[in-house]
Amino acid sequence: MENDIKNHLALSNDDSFRQVIEAVYNEGELSNNNRTGVPTRGLSFIPSFYHLTGGLVPMLSGKAVNEKPLLVELEWYLRGEGNIRFMSENGVKIWNQWADENGDLGPVYGKQWRKWRDTRVVTVSEFEEIKHRGYVVDGELTDGRLAVTREIDQLQRIVDNLRNDPENRRNIMSAWNVGELEDMQLPPCHFAFGTWSREVSPDQRFYIAVETGANHFAHGIVSKYSAMISDLVDENGALPDLDTLAETVTHEWLDARGIPRRVLNTGMVQRSVDTFVGMPFNIAGYGILTHYLAHITDHMADNFTHFGFDVHLYSNHEDGFKEYTGRREIEESYPVVVFPESWKELSDFNWQEIQILGYQSHDWIKVPVAK
């Protein structure tokens, strides 16, 4: 049954990433001038594309992507914090080398995602016009003007729009707060994120739902998707001909089973891409974030696009690159993320309750991390 579903979309965890890193190694321009002092090969403005249908997470099989740091870091982003205390308490040290003695990184990533600070000086009459936006008065200047401040939750705005105005073309989140860059221990590498939502035809809904359901069914996950599969299989556990069924399925039939009508695509822009160490982590993390946004806004995740500005391979990663490209992809690896059905809001996210099933990989390849 699983192979029947997978044949509808030939997905690979590694292919898109492998094309990028091989192009960087084979065609990249050499540079000795970057803040780390370690030479690089690099290319500019490179897109790559990752399929998410069926619950798929773009985790590489050619080298291990460590699940725990991935999920802990993502929860840390969603908490809107700039101190690494939460990660340290959960045994994750990936940000330690950039934090100060108190564990502070400044207003990085999640702080900008969830608590973007907007401060301005206005007259009393101007404040009356804008206070409905959530501004509060911080103080009064000697000339009578007011210092007012609000915190903007960019990610919650995206969630609200996906629920109420899903095709809004302003569903963008930025971590590049120019006024606070100098307060950050490390300016954000992945700095912009956006969403795209569309209602799809009954047959498209059906194929995506069946793929998800087959994956849930195979792992014993109880969900609306696996329930649909249970309704379709015969007494021998075989599915009917999917193409024939897709021609007749209706929105109403899918609505009755709780299958979302909309798909969610996302994209991320990254100014500086460490292809060997950082990029596998980044594409997996944003893949999971896309699935979570879809989960809580009645969508099904479809694909994720990564766009890198300066896409580079450090010279001291080249041995690791050669080891990675010398390995075969593990075709049986099909990592699927599953969240509790009860989760409905951003605040419900808890790394310990998230399941990533079906992931297989070769061993982790250790290389130095440029600082």
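Going by the annotation in an unreviewed UniProt entry, the name recorded for the protein is thymidylate synthase, with Morganella psychrotolerans given as the source organism.

Caption draft 1: Quick look at the overall build of the protein. Counting secondary structure elements, the protein contains 13 helices and eleven strands. Along the longest, intermediate and shortest principal axes, the C-alpha atoms of the protein span 80 × 55 × 35 Å. Of the contacts formed within the protein by residues at least 6 apart in sequence, a portion of 75% connects residues at least 24 apart. A total of about 17,500 Å² of accessible surface is found on the protein, and carbon and sulfur atoms cover 46% of it.

Caption draft 2: Quick peek at helix H8 (residues 202-218). With 17 residues, H8 extends 24 Å between its outermost C-alpha atoms, agreeing within 8% with the 24 Å of an ideal straight helix rising 1.5 Å per residue. Of the residues making up H8, those classed as buried are Arg-205, Phe-206, Ile-208, Ala-209, Val-210, Glu-211, Thr-212, Gly-213, Ala-214, Asn-215 and His-216. Phi turns positive, to about 70 degrees, at Gly-220, one or two residues after H8.

Caption draft 3: How the structure looks around the pattern of salt bridges. Per the counting criterion, the structure on display carries 17 salt bridges. Residue Arg-150 is joined to Asp-118 by a salt bridge in which the shortest nitrogen-to-oxygen separation is 2.9 Å. In this pair, Arg-150 sits in strand S5 (residues 146-152) while Asp-118 sits in strand S3 (residues 116-122), placing the two residues 32 residues apart along the sequence. By relative accessible area, Arg-150 is classed as buried at 12%. The salt bridge involving Arg-145 is made with Asp-143; its shortest N-O contact spans 2.8 Å.

Caption draft 4: The packing of aromatic side chains, seen in detail. Evaluation of the coordinates by the stated rule reveals 24 aromatic pairs. Three or more aromatic residues link up through ring pairs in this structure, and these residues are Tyr-50, Trp-76, Tyr-77, Trp-95, Trp-98, Tyr-109, Trp-113, Phe-193, Tyr-286 and Phe-304. Over the face of the ring belonging to Tyr-25 we find Arg-41, whose NZ or CZ atom lies 4.5 Å from the ring centre.

Caption draft 5: Examining the UniProt feature "domain: Thymidylate synthase/dCMP hydroxymethylase" (unreviewed entry) in the protein more closely. UniProt's feature table lists "domain: Thymidylate synthase/dCMP hydroxymethylase" (unreviewed entry) at residues 16-194 and 262-370, given in the numbering used throughout. With 30% helix and 23% strand, residues 16-194 has its two end C-alpha atoms placed 20 Å apart. Between the end C-alpha atoms of residues 262-370 there is a gap of 41 Å, over a span that is 25% helix and 32% strand.

Cut-offs applied
- Residues numbered from 1 in each chain as written.
- Predicted model: local features only at pLDDT ≥ 70, side-chain atom pairs only at ≥ 80, totals over all residues.
- Heavy atoms only, no water.
- Helix = DSSP H or I, 4+ residues; strand = E, 2+ residues; numbered from the N terminus.
- Contact = heavy atoms within 4.5 Å.
- Areas by Shrake-Rupley, 256 points an atom, 1.4 Å probe, with all protein chains shown as cover.
- Expected span 1.5 Å × (residues − 1).
- Buried < 20%, exposed > 50% of the residue type's maximum accessible area, 1.4 Å probe, protein only.
- Salt bridge = Lys/Arg side-chain N within 4 Å of Asp/Glu carboxyl O.
- Phe/Tyr/Trp six-rings, centres within 6.5 Å; stacked < 30°, edge-to-face > 60°.
- Lys NZ or Arg CZ within 6 Å of the ring centre and 35° of its normal.
- UniProt positions renumbered as here; feature names shortened; annotations may be inferred.

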